[in-house]
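# Analysis of the macromolecular model
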Amino acid sequence: MTLLIVVVVIILLIYIFYSDSLSVNDFRKHIEDKPVLLIGNSPRVSDNMGSLIDSGKFNVIRFNNFNTNGYEDKIGTKTDIWIMNEMVCCSNPSHKKYNKCFCKYDNKNIMYPIFKFFIDPFKKVPILPSDYYFHKKYKFNANFSSGLYMILLCLECGKTPYIYGFDLDMSN
């Protein structure tokens, strides 16, 4: 009986995780019409790029708990795709106002599929291909930031992304 319960739980976990995971080809469909612009959350942006970002020439992708208020001249307000890590995805209900939200799942967080099932049971926020895809392909054994992950995913989709609003300052 215990073995049966374990098998059922494992099957349920596999279903919960993989039933709403996207493939690279699935994600490619969301970015194929225009160039991709990845906007980071660095407070160190000096150029006023807001009008270019909002011009409609790009698929604008923003990350995690981004904030455009007060920075409209520098980083615009347009958001085509919102990429969230699993903690933001499960803790931020404002994702419901965006049409295209995706969750970057760190495959080392084994409890996330269960947690997401209870927070988002109707699978409103699809999970992007696991970090494991890139770990295996590039023989890289560290966790990727959401920004680096998206650069790799865009390249995998045949798109060279423009990036803005990223820095390497680790003090914040």
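Here, the structure is the one placed above.
Residues numbered from 1 in each chain as written. Predicted model: local features only at pLDDT ≥ 70, side-chain atom pairs only at ≥ 80, totals over all residues. Heavy atoms only, no water.

### Looking at the side chain of K78
With respect to the helices and strands, the residue K78 is situated in the loop between α4 (72-75) and β3 (81-85). The class for K78 is buried, based on a relative accessible area of 18%. Excluding anything up to four places from it in sequence, K78 contacts K34, I53, D54, G56, F58, V60 and R62. (Helix = DSSP H or I, 4+ residues; strand = E, 2+ residues; numbered from the N terminus. Buried < 20%, exposed > 50% of the residue type's maximum accessible area, 1.4 Å probe, protein only. Contact = heavy atoms within 4.5 Å.)

### Quick notes on the pairing of strand β1 (residues 36-39)
Of the two faces of β1, the one holding V36 and L38 and the one holding L37 and I39 are both buried throughout. Note that β1 and strand β2 (residues 59-63) share 4 bridges and pair parallel. What sits directly across from I39, in β2, is R62. (Pairing = 2+ DSSP bridges.)

### Description of the pattern of salt bridges
The final tally for this structure, using the stated rule, is 2 salt bridges. Here K78 makes a salt bridge to D80, at a shortest N to O gap of 2.4 Å. (Salt bridge = Lys/Arg side-chain N within 4 Å of Asp/Glu carboxyl O.)

### So, the packing of aromatic side chains
Summed over the entire model, instances satisfying the criterion amount to 3 aromatic pairs. An angle of 75° between the planes, with centres 5.7 Å apart, marks the rings of F58 and Y162 as edge-to-face. Here the residue F58 occupies a position in the loop between α3 (50-53) and β2, and Y162 occupies one in strand β5 (residues 162-164), the gap between them amounting to 104 residues. Between F63 and F166 the ring centres are 5.7 Å apart and the planes differ by 70°, which places this aromatic pair in the edge-to-face class. You can see F63 sitting in strand β2 and its partner F166 sitting in the segment after β5, a full 103 residues away along the chain. Taking relative accessible area as the criterion, F166 reaches 37% and is therefore assigned partly exposed. (Phe/Tyr/Trp six-rings, centres within 6.5 Å; stacked < 30°, edge-to-face > 60°.)

### A few points about the nonpolar core
Among the nonpolar cores identified, the biggest contains 19 residues, and F27, I31, I61, I83, L128, M150 and L153 are the most heavily contacted of them. When residues of this core are traced back to their parent elements, those giving at least two are α2 (24-31), β1, β2, β3 and α8 (146-156). Element by element, the count of residues in this core is highest for α8, at 5 residues. Once residues lying within four places of it in the same chain are set aside, the contact partners of F27 are I61, I81, F102, L128, M150, L153 and C157. I53, F58, V60 and Y164 belong to the second-largest nonpolar core, a separate cluster that totals 8 residues. (Core = buried A, V, L, I, M, F, W, Y, C linked by side-chain atoms within 4.5 Å.)

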